[in-house]
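What the coordinates show
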Amino acid sequence: MPLETGLHATGLSRSYGAGAARVSALDDVNVHLHTGRLAAIVGPSGSGKSTLLNVLGGMDTPDAGHAALNGIAFTGMGSRKLTEFRRNHVGFVFQFYNLLPQLTALENVELARRLPSHHGVDVQTSAQLLDRVGLGDRADHFPQQLSGGQMQRVSIARALAKRPALLLCDEPTGALDSASGVEVMTLLIDIAREGLAVVAVVTHDPTIRDVADHVVEMRDGRVVADSHPPVS
Ligand SMILES: Nc1ncnc2c1ncn2[C@@H]1O[C@H](COP(=O)(O)OP(=O)(O)O)[C@@H](O)[C@H]1O
Ligand SMILES: [Mg+2]
């Protein structure tokens, strides 16, 4: 595998506020996440996990440092280029799903699929995407007619709409009962092992930590442990 594949980040720093109120949310973070692996980003509340995920997905810009996805350096991009980068390459999954309540499962996925991007015709249909997450029979249900685990699976189908090279999930099982959490995690592991994307999951859930291929542990904005897996 060429060295530049996956997500490489070096020297990432991000602070909020000024003077005595200044918080260093990221302090010289280096990570290398691999395509085809599920990485868990763990650490106490306030340790910088969400900030790291947002910087790695081009939702936030670091004060210093460099990050590249499959050789595409995105930390220096202006906001228009960065929006295009996110749309073409990054899928996001959030704790509380962020589905539009007035749209069905199918329509929620379709909305993301229709966003303009460079991918054109090779993207899967919304029905195929819902099948992929095991919800082919729930396409016409509205979010309020779905369980938490089902809503999260719709949000994963939506995140996969552009065949992202990077799938970032912030506490995806945080609002789920343990059985639904296991289902969602199993799905995310399957997606990672298909080998098409880097999958990174921010979590407090010890079961995710146990099944992850790679664990990055944060504290006070720094990486304090990294079970960097060997490249196969
Ligand atoms: N938008 C913001 N404005 C000010 N401080 C923030 C902001 N976002 C995060 N922080 C601070 O940065 C630190 C890291 O936050 P965060 O990345 O959300 O941690 P985690 O996800 O690990 O709980 C915390 O001290 C938090 O209060
Ligand atoms: Mg967080």
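Everything below is about the structure printed above this text.
Report follows, based on the coordinates. (Residues numbered from 1 in each chain as written. Chains lettered and ligands numbered in written order. Predicted model: local features only at pLDDT ≥ 70, side-chain atom pairs only at ≥ 80, totals over all residues. Heavy atoms only, no water.)

1. Quick look at unusual backbone geometry
- Notably, D28 is not glycine yet its phi reads approximately 55°, a positive angle.
- Here D28 lies in strand β2 (residues 23–33).
- Positive phi outside glycine occurs at R163, with the angle close to 50°. (Helix = DSSP H or I, 4+ residues; strand = E, 2+ residues; numbered from the N terminus.)

2. Describing helix α2 (residues 79–89)
- Burial in α2 covers these residues: L82, F85, N88 and H89. Projected onto a plane normal to the axis of α2, the buried residues spread over an arc of 130° and lie on a single side. Set apart from the buried face of α2 by more than 90 degrees, the exposed residues are S79 and R80.
- Taken together, the buried residues of α2 touch β4 (64–69), β5 (72–73), β6 (90–94) and β7 (166–170). (Buried < 20%, exposed > 50% of the residue type's maximum accessible area, 1.4 Å probe, protein only. Arc of directions from axis to C-beta. Contact = heavy atoms within 4.5 Å.)

3. Some thoughts on the nonpolar core
- Among the nonpolar cores identified, the biggest contains 38 residues, and L38, L130, V154, I156, L167, L188 and V199 are the most heavily contacted of them.
- Of all the elements in the fold, those that place two or more residues in this core are β3 (38–42), α3 (105–113), α4 (126–132), α5 (148–159), β7, α6 (178–193) and β8 (198–202).
- The leading source of residues in this core is α6, at 7 residues.
- Excluding residues within four positions of it along the chain, L38 makes contact with M185, L188, I189, A192, V199, V201, I208, A212, D213 and H214.
- L7, V29, I41 and L82 belong to the second-largest nonpolar core, a separate cluster that totals 28 residues. (Core = buried A, V, L, I, M, F, W, Y, C linked by side-chain atoms within 4.5 Å.)

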